Amino acid sequence: MRYVSTRGEAPELDFGGVLLTGLARDGGLYVPAEWPKFSSAELASLRGRPYADIAFAVIAKFTGNEVAPTDLKKMIADAYRGFGHPAVTPLKQLNADQWLLELFHGPTLAFKDVAMQFLARVMDWALARRSMRAVIVGATSGDTGGAAIEAFKASRHASIFILHPQGLVSEVQRRQMTTVLSPSVHNIAIRGTFDDCQAILKALFNDHGFRDGVSLAGVNSINWARIMAQIVYYVAASLALAASGRDVNFTVPTGNFGDIFAGLVAKRMGAPIGRLVIATNENDILDRALRTGRYEVRGVKPSTSPSMDIQVSSNFERLLFEAHGRDAASVRRLMASLGQSGAFTIEAGPLAAIRAEFTSGTCDMTETAKVIARTLAETGELLDPHTAVGYGMALKERDYSGPMVTLATAHPAKFPDAVEKASGKRPDLPPSLAPLMMAEERVSVLANDPEAVKAFILERVKS
Ligand SMILES: *Cc1c(COP(=O)(O)O)cnc(C)c1O
(Lines give C-alpha, C1' and ligand atoms only; values in the text may rest on other atoms or scores of the structure.)
Protein backbone atom coordinates (compact mmCIF):
# COMPACT_ATOMS: atom_id res chain seq x y z
CA MET A 1 0.00 0.00 0.00
CA ARG A 2 1.32 3.45 -0.99
CA TYR A 3 0.51 6.62 0.97
CA VAL A 4 0.24 10.19 -0.33
CA SER A 5 0.28 13.55 1.46
CA THR A 6 -2.88 15.68 1.54
CA ARG A 7 -0.69 18.57 0.31
CA GLY A 8 0.79 16.60 -2.60
CA GLU A 9 4.38 17.78 -2.23
CA ALA A 10 5.94 15.11 0.00
CA PRO A 11 7.34 11.79 -1.21
CA GLU A 12 4.98 8.81 -1.36
CA LEU A 13 5.77 6.35 1.42
CA ASP A 14 4.95 2.76 2.33
CA PHE A 15 3.17 1.85 5.57
CA GLY A 16 6.36 1.60 7.65
CA GLY A 17 7.54 4.97 6.38
CA VAL A 18 4.24 6.66 7.22
CA LEU A 19 4.22 5.08 10.67
CA LEU A 20 7.61 6.53 11.62
CA THR A 21 7.28 9.88 9.81
CA GLY A 22 4.04 11.21 11.29
CA LEU A 23 3.64 14.64 9.73
CA ALA A 24 4.57 14.76 6.02
CA ARG A 25 7.50 17.01 5.04
CA ASP A 26 5.13 19.38 3.19
CA GLY A 27 3.10 19.85 6.38
CA GLY A 28 0.32 17.55 5.16
CA LEU A 29 -1.10 14.30 6.53
CA TYR A 30 -0.62 10.91 4.92
CA VAL A 31 -3.59 8.95 3.52
CA PRO A 32 -3.66 5.72 1.49
CA ALA A 33 -3.30 6.33 -2.28
CA GLU A 34 -6.71 4.66 -2.61
CA TRP A 35 -9.26 3.24 -0.18
CA PRO A 36 -9.20 -0.55 0.03
CA LYS A 37 -12.62 -2.24 -0.27
CA PHE A 38 -14.23 -5.28 1.29
CA SER A 39 -16.29 -7.50 -1.02
CA SER A 40 -19.77 -8.35 0.23
CA ALA A 41 -18.59 -11.94 0.74
CA GLU A 42 -15.70 -10.70 2.92
CA LEU A 43 -18.06 -8.53 4.98
CA ALA A 44 -20.51 -11.41 5.42
CA SER A 45 -17.70 -13.65 6.65
CA LEU A 46 -16.61 -11.03 9.23
CA ARG A 47 -20.02 -10.58 10.83
CA GLY A 48 -19.98 -11.87 14.40
CA ARG A 49 -16.25 -12.74 14.34
CA PRO A 50 -14.07 -11.92 17.39
CA TYR A 51 -12.62 -8.40 17.52
CA ALA A 52 -9.08 -9.65 16.77
CA ASP A 53 -10.22 -11.33 13.54
CA ILE A 54 -11.96 -8.17 12.32
CA ALA A 55 -8.91 -6.11 13.31
CA PHE A 56 -6.68 -8.40 11.26
CA ALA A 57 -8.95 -8.19 8.20
CA VAL A 58 -9.10 -4.37 8.37
CA ILE A 59 -5.45 -3.64 9.19
CA ALA A 60 -4.04 -6.12 6.64
CA LYS A 61 -5.72 -4.07 3.90
CA PHE A 62 -3.54 -1.10 4.86
CA THR A 63 -0.26 -2.85 5.63
CA GLY A 64 -0.40 -4.97 2.45
CA ASN A 65 2.47 -7.43 2.26
CA GLU A 66 4.75 -5.30 4.44
CA VAL A 67 3.76 -7.01 7.69
CA ALA A 68 3.77 -10.82 7.75
CA PRO A 69 0.31 -12.19 8.72
CA THR A 70 1.68 -14.08 11.73
CA ASP A 71 3.42 -10.92 13.03
CA LEU A 72 0.29 -8.84 12.56
CA LYS A 73 -1.89 -11.41 14.33
CA LYS A 74 0.50 -11.47 17.28
CA MET A 75 0.57 -7.66 17.57
CA ILE A 76 -3.23 -7.54 17.56
CA ALA A 77 -3.55 -10.32 20.13
CA ASP A 78 -1.01 -8.59 22.42
CA ALA A 79 -2.65 -5.17 22.01
CA TYR A 80 -6.15 -6.27 23.03
CA ARG A 81 -5.41 -9.03 25.55
CA GLY A 82 -5.40 -6.55 28.45
CA PHE A 83 -8.83 -5.09 27.72
CA GLY A 84 -11.42 -5.53 30.45
CA HIS A 85 -14.15 -6.93 28.19
CA PRO A 86 -13.97 -10.03 25.96
CA ALA A 87 -15.61 -8.14 23.06
CA VAL A 88 -12.92 -5.39 23.44
CA THR A 89 -15.42 -2.70 22.30
CA PRO A 90 -18.87 -3.97 23.37
CA LEU A 91 -22.20 -2.48 22.26
CA LYS A 92 -24.81 -1.60 24.88
CA GLN A 93 -28.44 -0.86 24.00
CA LEU A 94 -30.00 2.21 25.67
CA ASN A 95 -33.42 2.16 23.98
CA ALA A 96 -35.10 0.94 20.79
CA ASP A 97 -32.72 2.65 18.37
CA GLN A 98 -29.97 4.08 20.56
CA TRP A 99 -26.76 2.22 21.34
CA LEU A 100 -23.47 2.93 23.07
CA LEU A 101 -20.19 1.59 21.69
CA GLU A 102 -18.01 1.28 24.81
CA LEU A 103 -14.45 2.13 23.85
CA PHE A 104 -13.14 2.57 27.41
CA HIS A 105 -12.25 -0.96 28.50
CA GLY A 106 -8.51 -0.44 27.93
CA PRO A 107 -5.93 0.15 30.69
CA THR A 108 -6.39 3.95 30.97
CA LEU A 109 -10.19 3.94 30.52
CA ALA A 110 -10.37 6.17 27.42
CA PHE A 111 -10.76 5.23 23.77
CA LYS A 112 -7.21 6.32 23.00
CA ASP A 113 -6.04 2.94 24.36
CA VAL A 114 -7.63 1.13 21.42
CA ALA A 115 -5.27 2.71 18.89
CA MET A 116 -2.29 3.36 21.18
CA GLN A 117 -1.96 -0.27 22.33
CA PHE A 118 -1.66 -1.34 18.69
CA LEU A 119 0.53 1.63 17.71
CA ALA A 120 3.20 0.75 20.30
CA ARG A 121 3.44 -2.82 19.00
CA VAL A 122 3.56 -1.90 15.33
CA MET A 123 6.14 0.84 16.00
CA ASP A 124 8.36 -1.68 17.79
CA TRP A 125 7.99 -3.95 14.76
CA ALA A 126 8.98 -1.15 12.35
CA LEU A 127 11.93 -0.03 14.50
CA ALA A 128 13.21 -3.59 14.93
CA ARG A 129 13.05 -4.11 11.16
CA ARG A 130 15.16 -1.02 10.63
CA SER A 131 17.45 -1.80 13.61
CA MET A 132 16.56 1.61 15.01
CA ARG A 133 15.81 3.17 18.35
CA ALA A 134 13.42 6.11 18.51
CA VAL A 135 12.46 8.85 20.89
CA ILE A 136 8.68 9.16 21.07
CA VAL A 137 7.40 12.54 22.20
CA GLY A 138 3.91 13.74 22.95
CA ALA A 139 2.11 16.63 24.60
CA THR A 140 -1.07 15.93 26.53
CA SER A 141 -3.94 17.82 28.07
CA GLY A 142 -5.07 14.59 29.73
CA ASP A 143 -5.96 11.29 28.04
CA THR A 144 -3.35 10.90 25.30
CA GLY A 145 -0.36 10.92 27.66
CA GLY A 146 -1.57 8.13 29.91
CA ALA A 147 -2.63 5.95 26.98
CA ALA A 148 0.73 6.47 25.24
CA ILE A 149 2.80 5.75 28.36
CA GLU A 150 0.79 2.65 29.20
CA ALA A 151 1.23 1.38 25.63
CA PHE A 152 4.93 2.23 25.21
CA LYS A 153 6.21 1.36 28.71
CA ALA A 154 7.29 -2.11 27.55
CA SER A 155 8.68 -0.97 24.19
CA ARG A 156 12.06 -2.50 23.39
CA HIS A 157 13.03 0.08 20.77
CA ALA A 158 11.63 3.41 21.97
CA SER A 159 11.85 5.76 24.92
CA ILE A 160 8.85 7.96 25.53
CA PHE A 161 8.78 11.56 26.79
CA ILE A 162 5.37 13.05 27.60
CA LEU A 163 4.90 16.75 28.35
CA HIS A 164 1.95 17.88 30.43
CA PRO A 165 1.17 21.34 31.81
CA GLN A 166 2.13 21.32 35.50
CA GLY A 167 -0.95 21.32 37.74
CA LEU A 168 -3.41 21.46 34.83
CA VAL A 169 -4.37 17.77 34.43
CA SER A 170 -6.69 15.86 36.76
CA GLU A 171 -5.21 13.73 39.54
CA VAL A 172 -6.28 10.44 37.90
CA GLN A 173 -4.83 11.58 34.60
CA ARG A 174 -1.55 12.68 36.21
CA ARG A 175 -1.14 9.48 38.20
CA GLN A 176 -1.84 7.33 35.14
CA MET A 177 1.32 8.90 33.70
CA THR A 178 3.61 9.51 36.66
CA THR A 179 3.24 6.18 38.46
CA VAL A 180 4.69 4.25 35.51
CA LEU A 181 8.29 3.88 36.66
CA SER A 182 9.72 1.99 33.68
CA PRO A 183 13.20 3.34 32.76
CA SER A 184 12.12 4.18 29.20
CA VAL A 185 9.22 6.39 30.41
CA HIS A 186 9.84 10.08 31.14
CA ASN A 187 7.20 12.47 32.44
CA ILE A 188 7.89 16.16 32.06
CA ALA A 189 5.69 18.73 33.79
CA ILE A 190 6.13 22.03 31.98
CA ARG A 191 5.73 25.28 33.89
CA GLY A 192 3.17 26.50 31.37
CA THR A 193 -0.05 25.61 29.55
CA PHE A 194 -0.97 22.81 27.17
CA ASP A 195 -0.41 25.22 24.27
CA ASP A 196 3.13 25.83 25.58
CA CYS A 197 3.71 22.04 25.62
CA GLN A 198 2.55 21.81 22.00
CA ALA A 199 4.77 24.72 20.99
CA ILE A 200 7.78 22.98 22.56
CA LEU A 201 6.95 19.81 20.63
CA LYS A 202 6.81 21.75 17.40
CA ALA A 203 10.17 23.31 18.17
CA LEU A 204 11.68 19.85 18.72
CA PHE A 205 10.42 18.63 15.33
CA ASN A 206 11.54 21.81 13.58
CA ASP A 207 15.12 21.41 14.86
CA HIS A 208 16.15 18.95 12.14
CA GLY A 209 19.54 18.25 13.68
CA PHE A 210 17.93 17.23 16.96
CA ARG A 211 15.05 15.44 15.22
CA ASP A 212 17.33 13.25 13.07
CA GLY A 213 19.89 12.82 15.86
CA VAL A 214 17.49 11.06 18.24
CA SER A 215 15.03 9.66 15.59
CA LEU A 216 12.10 11.63 16.92
CA ALA A 217 8.61 10.16 16.34
CA GLY A 218 5.15 11.33 17.36
CA VAL A 219 2.05 9.61 18.72
CA ASN A 220 -0.74 12.10 18.14
CA SER A 221 -3.63 11.34 15.79
CA ILE A 222 -1.98 12.81 12.71
CA ASN A 223 -0.21 9.43 12.74
CA TRP A 224 -2.13 7.33 10.20
CA ALA A 225 -1.70 4.11 12.22
CA ARG A 226 -3.91 5.51 14.98
CA ILE A 227 -6.77 6.22 12.58
CA MET A 228 -6.28 2.79 11.02
CA ALA A 229 -6.70 0.97 14.34
CA GLN A 230 -9.92 2.92 15.00
CA ILE A 231 -11.59 1.78 11.75
CA VAL A 232 -11.93 -1.68 13.26
CA TYR A 233 -14.66 -0.89 15.80
CA TYR A 234 -16.82 0.88 13.20
CA VAL A 235 -16.66 -2.21 10.99
CA ALA A 236 -17.39 -4.53 13.92
CA ALA A 237 -20.31 -2.47 15.30
CA SER A 238 -21.93 -1.75 11.92
CA LEU A 239 -21.81 -5.42 10.94
CA ALA A 240 -23.28 -6.40 14.30
CA LEU A 241 -26.28 -4.05 14.02
CA ALA A 242 -26.98 -3.76 10.28
CA ALA A 243 -29.97 -5.52 8.83
CA SER A 244 -30.66 -5.85 5.11
CA GLY A 245 -31.08 -2.39 3.61
CA ARG A 246 -30.64 -0.74 7.00
CA ASP A 247 -27.37 1.08 7.59
CA VAL A 248 -25.95 1.96 11.00
CA ASN A 249 -25.38 5.60 12.03
CA PHE A 250 -22.70 6.88 14.39
CA THR A 251 -22.46 9.95 16.64
CA VAL A 252 -18.92 10.79 17.70
CA PRO A 253 -17.75 13.19 20.46
CA THR A 254 -15.19 15.02 18.36
CA GLY A 255 -12.03 17.05 18.98
CA ASN A 256 -9.21 16.45 16.54
CA PHE A 257 -11.49 14.63 14.05
CA GLY A 258 -9.38 11.45 14.15
CA ASP A 259 -12.03 9.16 15.57
CA ILE A 260 -14.87 10.20 13.27
CA PHE A 261 -12.60 10.18 10.22
CA ALA A 262 -12.00 6.48 10.92
CA GLY A 263 -15.80 6.06 10.57
CA LEU A 264 -15.71 7.60 7.09
CA VAL A 265 -12.91 5.22 6.08
CA ALA A 266 -14.92 2.22 7.34
CA LYS A 267 -17.82 3.44 5.18
CA ARG A 268 -15.53 3.85 2.14
CA MET A 269 -14.33 0.26 2.69
CA GLY A 270 -17.91 -0.95 2.34
CA ALA A 271 -19.12 -1.22 5.96
CA PRO A 272 -22.92 -0.64 6.23
CA ILE A 273 -22.72 2.90 7.62
CA GLY A 274 -25.21 5.74 7.09
CA ARG A 275 -24.86 9.13 8.80
CA LEU A 276 -21.80 10.28 10.72
CA VAL A 277 -22.71 12.89 13.32
CA ILE A 278 -20.02 15.26 14.61
CA ALA A 279 -20.78 16.19 18.24
CA THR A 280 -18.88 19.15 19.69
CA ASN A 281 -18.94 20.98 23.02
CA GLU A 282 -18.83 24.80 23.05
CA ASN A 283 -15.55 24.56 21.15
CA ASP A 284 -17.69 24.26 18.04
CA ILE A 285 -15.38 25.12 15.13
CA LEU A 286 -16.44 21.98 13.22
CA ASP A 287 -20.16 22.55 13.78
CA ARG A 288 -19.81 26.15 12.58
CA ALA A 289 -17.81 24.99 9.55
CA LEU A 290 -20.50 22.48 8.54
CA ARG A 291 -23.35 24.93 9.05
CA THR A 292 -21.78 28.00 7.39
CA GLY A 293 -18.87 26.75 5.26
CA ARG A 294 -16.55 29.03 7.24
CA TYR A 295 -13.80 27.33 9.29
CA GLU A 296 -12.64 29.95 11.73
CA VAL A 297 -10.36 29.57 14.76
CA ARG A 298 -11.48 31.25 18.01
CA GLY A 299 -10.12 31.01 21.57
CA VAL A 300 -10.42 27.73 23.48
CA LYS A 301 -13.21 27.63 26.08
CA PRO A 302 -12.46 25.26 28.96
CA SER A 303 -15.34 22.77 29.38
CA THR A 304 -16.32 19.65 31.33
CA SER A 305 -15.21 17.56 28.32
CA PRO A 306 -11.59 18.77 28.17
CA SER A 307 -10.36 16.21 25.63
CA MET A 308 -12.55 18.01 23.07
CA ASP A 309 -11.40 21.54 23.98
CA ILE A 310 -9.39 22.25 20.86
CA GLN A 311 -9.06 25.08 18.37
CA VAL A 312 -7.61 23.48 15.26
CA SER A 313 -8.93 20.05 14.33
CA SER A 314 -5.89 18.53 12.59
CA ASN A 315 -7.53 15.53 10.95
CA PHE A 316 -10.21 17.68 9.30
CA GLU A 317 -7.52 18.20 6.62
CA ARG A 318 -7.98 14.54 5.62
CA LEU A 319 -11.71 15.15 5.04
CA LEU A 320 -11.00 18.33 3.06
CA PHE A 321 -8.70 16.31 0.79
CA GLU A 322 -11.52 13.82 0.14
CA ALA A 323 -14.20 16.49 -0.31
CA HIS A 324 -12.04 18.28 -2.92
CA GLY A 325 -11.73 15.11 -4.99
CA ARG A 326 -8.20 14.55 -3.61
CA ASP A 327 -6.96 17.80 -5.14
CA ALA A 328 -3.89 18.66 -3.03
CA ALA A 329 -3.65 22.18 -4.50
CA SER A 330 -7.05 23.06 -3.00
CA VAL A 331 -5.94 21.75 0.41
CA ARG A 332 -2.73 23.80 0.20
CA ARG A 333 -4.76 26.92 -0.56
CA LEU A 334 -7.09 26.39 2.43
CA MET A 335 -4.23 25.62 4.81
CA ALA A 336 -2.29 28.70 3.67
CA SER A 337 -5.35 30.79 4.43
CA LEU A 338 -5.68 29.14 7.85
CA GLY A 339 -2.03 29.91 8.58
CA GLN A 340 -2.34 33.54 7.53
CA SER A 341 -5.74 34.59 8.79
CA GLY A 342 -6.89 31.74 11.09
CA ALA A 343 -9.78 30.91 8.76
CA PHE A 344 -10.86 29.57 5.36
CA THR A 345 -14.09 29.14 3.41
CA ILE A 346 -15.16 25.78 1.98
CA GLU A 347 -16.69 26.19 -1.50
CA ALA A 348 -20.22 25.00 -2.29
CA GLY A 349 -19.23 21.75 -4.05
CA PRO A 350 -16.94 20.34 -1.36
CA LEU A 351 -19.30 21.59 1.37
CA ALA A 352 -22.17 19.66 -0.23
CA ALA A 353 -19.95 16.57 -0.43
CA ILE A 354 -19.22 16.84 3.32
CA ARG A 355 -22.88 17.42 4.20
CA ALA A 356 -23.90 14.36 2.18
CA GLU A 357 -22.24 12.17 4.81
CA PHE A 358 -21.85 14.24 7.98
CA THR A 359 -24.15 16.30 10.15
CA SER A 360 -23.03 18.24 13.19
CA GLY A 361 -24.23 19.84 16.37
CA THR A 362 -23.19 21.26 19.71
CA CYS A 363 -24.02 20.34 23.31
CA ASP A 364 -22.85 22.95 25.79
CA MET A 365 -21.92 22.21 29.42
CA THR A 366 -25.42 22.87 30.78
CA GLU A 367 -27.01 20.55 28.26
CA THR A 368 -24.31 17.91 28.77
CA ALA A 369 -24.97 17.86 32.53
CA LYS A 370 -28.70 17.41 31.86
CA VAL A 371 -27.98 14.51 29.50
CA ILE A 372 -25.90 12.79 32.20
CA ALA A 373 -28.68 13.17 34.79
CA ARG A 374 -31.46 12.16 32.40
CA THR A 375 -29.62 9.10 31.05
CA LEU A 376 -28.92 7.88 34.59
CA ALA A 377 -32.60 8.29 35.49
CA GLU A 378 -33.94 6.65 32.33
CA THR A 379 -31.45 3.86 31.70
CA GLY A 380 -29.28 3.49 34.82
CA GLU A 381 -26.17 4.27 32.74
CA LEU A 382 -23.65 6.80 34.01
CA LEU A 383 -22.04 8.62 31.06
CA ASP A 384 -18.78 10.52 31.14
CA PRO A 385 -19.09 14.15 29.92
CA HIS A 386 -17.51 13.43 26.49
CA THR A 387 -19.89 10.55 25.81
CA ALA A 388 -22.76 12.72 27.05
CA VAL A 389 -21.95 15.41 24.46
CA GLY A 390 -22.29 12.67 21.86
CA TYR A 391 -25.44 11.09 23.28
CA GLY A 392 -27.08 14.51 23.64
CA MET A 393 -26.48 15.08 19.92
CA ALA A 394 -27.67 11.58 19.02
CA LEU A 395 -30.99 12.30 20.78
CA LYS A 396 -31.38 15.61 18.88
CA GLU A 397 -30.41 14.25 15.45
CA ARG A 398 -33.36 13.57 13.13
CA ASP A 399 -31.74 13.10 9.72
CA TYR A 400 -31.26 9.32 9.76
CA SER A 401 -33.06 5.99 9.91
CA GLY A 402 -31.95 2.74 11.55
CA PRO A 403 -29.82 2.27 14.65
CA MET A 404 -27.79 5.17 16.10
CA VAL A 405 -24.55 4.29 17.88
CA THR A 406 -22.88 6.86 20.16
CA LEU A 407 -19.20 6.29 20.79
CA ALA A 408 -18.56 6.11 24.55
CA THR A 409 -15.06 7.56 24.58
CA ALA A 410 -14.22 7.54 28.30
CA HIS A 411 -15.22 5.78 31.52
CA PRO A 412 -17.15 8.08 33.91
CA ALA A 413 -14.61 7.42 36.70
CA LYS A 414 -12.04 9.40 34.71
CA PHE A 415 -14.10 12.55 35.25
CA PRO A 416 -15.72 11.90 38.65
CA ASP A 417 -16.26 15.52 39.68
CA ALA A 418 -18.20 16.59 36.58
CA VAL A 419 -20.23 13.37 36.62
CA GLU A 420 -21.13 13.72 40.31
CA LYS A 421 -22.02 17.39 39.91
CA ALA A 422 -24.36 16.55 37.02
CA SER A 423 -26.01 13.44 38.41
CA GLY A 424 -25.51 13.43 42.18
CA LYS A 425 -23.80 10.05 41.84
CA ARG A 426 -20.06 9.57 42.15
CA PRO A 427 -18.80 6.92 39.73
CA ASP A 428 -16.99 4.03 41.39
CA LEU A 429 -13.28 3.89 40.74
CA PRO A 430 -12.70 0.62 38.88
CA PRO A 431 -10.61 -1.79 41.01
CA SER A 432 -7.75 -1.52 38.53
CA LEU A 433 -7.37 2.17 39.40
CA ALA A 434 -7.32 1.90 43.19
CA PRO A 435 -3.58 1.14 43.57
CA LEU A 436 -2.87 4.13 41.35
CA MET A 437 -3.95 6.58 44.02
CA MET A 438 -1.23 5.37 46.43
CA ALA A 439 1.59 4.52 44.06
CA GLU A 440 4.90 6.37 43.93
CA GLU A 441 5.10 9.10 41.30
CA ARG A 442 8.03 10.20 39.18
CA VAL A 443 8.04 13.42 37.20
CA SER A 444 10.58 16.08 36.22
CA VAL A 445 9.52 19.72 36.27
CA LEU A 446 11.09 21.80 33.50
CA ALA A 447 10.92 25.43 32.41
CA ASN A 448 8.73 26.43 29.50
CA ASP A 449 11.72 26.31 27.15
CA PRO A 450 12.43 23.94 24.23
CA GLU A 451 16.18 24.04 24.96
CA ALA A 452 15.61 22.70 28.48
CA VAL A 453 13.52 19.85 27.08
CA LYS A 454 16.09 19.02 24.38
CA ALA A 455 18.89 18.91 26.95
CA PHE A 456 16.79 16.68 29.21
CA ILE A 457 16.00 14.24 26.37
CA LEU A 458 19.64 14.07 25.20
CA GLU A 459 20.87 13.37 28.71
CA ARG A 460 18.28 10.62 29.32
CA VAL A 461 18.86 8.98 25.93
CA LYS A 462 22.61 8.82 26.61
CA SER A 463 22.29 7.15 30.00
C1 LIG B 1 -9.45 12.38 22.44
C2 LIG B 1 -10.84 12.28 22.96
C3 LIG B 1 -11.96 12.68 22.19
C4 LIG B 1 -11.82 13.33 20.82
O5 LIG B 1 -11.37 12.43 19.82
P6 LIG B 1 -10.76 13.00 18.45
O7 LIG B 1 -10.23 11.78 17.72
O8 LIG B 1 -9.67 13.94 18.84
O9 LIG B 1 -11.86 13.68 17.69
C10 LIG B 1 -13.23 12.48 22.71
N11 LIG B 1 -13.41 11.96 23.95
C12 LIG B 1 -12.37 11.57 24.72
C13 LIG B 1 -12.64 11.01 26.07
C14 LIG B 1 -11.05 11.71 24.27
O15 LIG B 1 -10.01 11.33 25.04
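Residues numbered from 1 in each chain as written. Predicted model: local features only at pLDDT ≥ 70, side-chain atom pairs only at ≥ 80, totals over all residues. Heavy atoms only, no water.

Draft legend 1. Seen up close, the overall build of the protein. Across its full length, the protein carries 19 helices and 15 strands. In terms of overall size, the protein behaves like a compact globule, its C-alpha atoms giving a radius of gyration of 21 Å where 463 residues would be expected to give roughly 23 Å. Reported as C-alpha extents along the three principal axes, the dimensions of the protein are approximately 60 × 50 × 50 Å. When the 463 residues of the protein are sorted by exposure, 59% land in the buried category. In the protein, the share of contacts with a sequence separation of at least 24, taken over all contacts with a separation of at least 6, comes to 74%. Of the roughly 17900 Å² that the protein leaves accessible, carbon and sulfur atoms contribute 52%. Positive and negative side-chain charges of the protein, numbering 50 and 48 respectively, have mean locations separated by a distance of 2 Å. (Helix = DSSP H or I, 4+ residues; strand = E, 2+ residues; numbered from the N terminus. Rg over C-alpha atoms; globule rule 2.2 N^0.38 Å. Buried < 20%, exposed > 50% of the residue type's maximum accessible area, 1.4 Å probe, protein only. Contact = heavy atoms within 4.5 Å. Areas by Shrake-Rupley, 256 points an atom, 1.4 Å probe, with all protein chains shown as cover. Lys, Arg positive; Asp, Glu negative; His and termini not counted. Charge placed at Lys NZ, Arg CZ, Asp CG, Glu CD.)

Draft legend 2. Structural detail: the packing of helix α10 (residues 224-241) against helix α11 (residues 258-268). Two elements in contact, α10 and α11, have axes separated by 8 Å at closest approach and are oriented at 60°. Relative to α11, α10 is oriented oblique. Viewed along their axes, α10 and α11 form a crossing whose handedness is right-handed. Listed contacts from α11 to Trp224, Ile227, Gln230, Ile231, Tyr233, Tyr234 and Val235 of α10 are Gly258, Asp259, Ile260, Phe261, Ala262, Gly263, Val265 and Ala266. For the contact of α10 with α11, the class distribution of residues is 11 nonpolar, three polar and one charged. (Axes fitted to C-alpha atoms, helices over the stretch in contact; angles between N-to-C directions. Parallel < 35°, antiparallel > 145°, perpendicular 65-115°, else oblique. Left-handed = near helix turned anticlockwise from the far one by under 90°. Nonpolar A, V, L, I, M, F, W, Y, C, P; charged D, E, K, R; others polar.)

Draft legend 3. Highlighting the packing of aromatic side chains. Here the structure, examined in full by the defined rule, presents 14 aromatic pairs. Taken together, a centroid distance of 5.2 Å and an interplanar angle of 70° make the contact between Tyr51 and Tyr80 edge-to-face. Remark: Tyr80 occurs in helix α4 (residues 69-81) and Tyr51 occurs in helix α3 (residues 51-63); sequence separation between them is 29 residues. Per residue, the accessibility class of Tyr51 equals that of Tyr80, and both read buried. Centre to centre, the rings of Phe161 and Phe456 are 6.2 Å apart; their planes meet at 85°, and the pair counts as edge-to-face. Here Phe161, found in strand β6 (residues 158-165), pairs with Phe456, found in helix α19 (residues 450-462); they are 295 residues apart in sequence, far enough to count as distant. Of the two residues, Phe161 and Phe456, neither departs from the other in class, the shared state being buried. Through a chain of ring-to-ring contacts, three or more aromatic side chains come together here, namely Tyr3, Phe15, Trp35, Phe62, Trp224 and Phe261. Its guanidinium or amino end placed over the ring of Phe56, Lys73 lies 4.6 Å from that ring's centre, counting from NZ or CZ. (Phe/Tyr/Trp six-rings, centres within 6.5 Å; stacked < 30°, edge-to-face > 60°. Lys NZ or Arg CZ within 6 Å of the ring centre and 35° of its normal.)

Draft legend 4. Fine view of the site of the ligand. Around the ligand, 15 residues are found, and the nearest of them are Lys112, Asp143, Gly255, Asn256 and Thr409. Contact between the ligand and Gly255: an oxygen atom at 2.8 Å from a main-chain N or O atom of the residue. One of the side-chain nitrogen or oxygen atoms of Ser307 is found 3.5 Å away from an oxygen atom of the ligand. Across the shell around the ligand, the residue classes tally to five nonpolar, seven polar and three charged. (Near = heavy atom within 4 Å. Polar contact = N/O pair within 3.5 Å; in protein donor to acceptor, adjacent residues only side chain to side chain.)

Draft legend 5. Structural context of the sheet that holds strand β7 (residues 185-190). As summarised here, the arrangement of the five strands in space is β8-β5-β6-β7-β15, forming an open sheet in which the pairing is parallel. Whereas interior strands pair on both sides, the edge strands pair on one side only; in this sheet they are β8 (216-218) and β15 (444-446). Looking at each pair of strands side by side, their axes are set apart by 30° on average, direction ignored. Where β7 meets β15, three bridges bridge the pair, whose relative direction is parallel. Among the inter-strand pairings, Ala189 is bridged to a residue of β15, identified as Val445. (Pairing = 2+ DSSP bridges.)

Draft legend 6. Structural view of helix α7 (residues 171-178). For α7, the tally of buried residues reaches six of eight residues, placing the bulk of the element in the interior. Among the residues of α7, those classed as buried are Val172, Gln173, Arg175, Gln176, Met177 and Thr178. Tucked into the core, α7 has its buried residues touching α6 (143-152), β6 and β7.

Draft legend 7. Fine view of the side chain of Glu322. Among the structural elements, Glu322 can be located in helix α13 (residues 316-323). For Glu322, a relative accessible area of 14% gives the class buried. What Glu322 contacts, discounting residues up to four positions off in sequence, is Trp35, Phe261 and Arg268.

Draft legend 8. Focus on the nonpolar core. Formed by 113 residues in total, the largest nonpolar core has its most connected members in Phe62, Tyr80, Phe118, Trp224, Ile231, Phe250 and Phe358. Per-element tally for this core: the top contributor is α10, with 14 residues. With near-sequence residues (within four places) excluded, Phe358 lies in contact with Phe257, Ile260, Leu264, Arg275, Leu276, Ile278, Leu290 and Leu319. (Core = buried A, V, L, I, M, F, W, Y, C linked by side-chain atoms within 4.5 Å.)

Draft legend 9. Summary view of the environment of Arg2. Its location among the elements puts Arg2 in the segment before β1 (3-5). For the pair formed by Arg2 and Asp14, sequence separation is 12 residues and the distance between their alpha carbons is 5.0 Å. The contact partners of Arg2, leaving out residues within four places of it in the chain, are Glu12, Leu13, Asp14, Val31, Pro32 and Ala33. Within polar-contact distance, the side chain of Arg2 engages the backbone oxygen of Glu12 at 3.3 Å.

Draft legend 10. Structural context of unusual backbone geometry. Positive phi is not limited to glycine here, since Ser215 has a value of about 55°. Checked against the element boundaries, Ser215 lands in the loop between α9 (208-214) and β8. The backbone of Phe257 sits at a positive phi, close to 70°, despite the residue not being glycine. Judged by its relative accessible area of 1%, Phe257 falls in the buried class.

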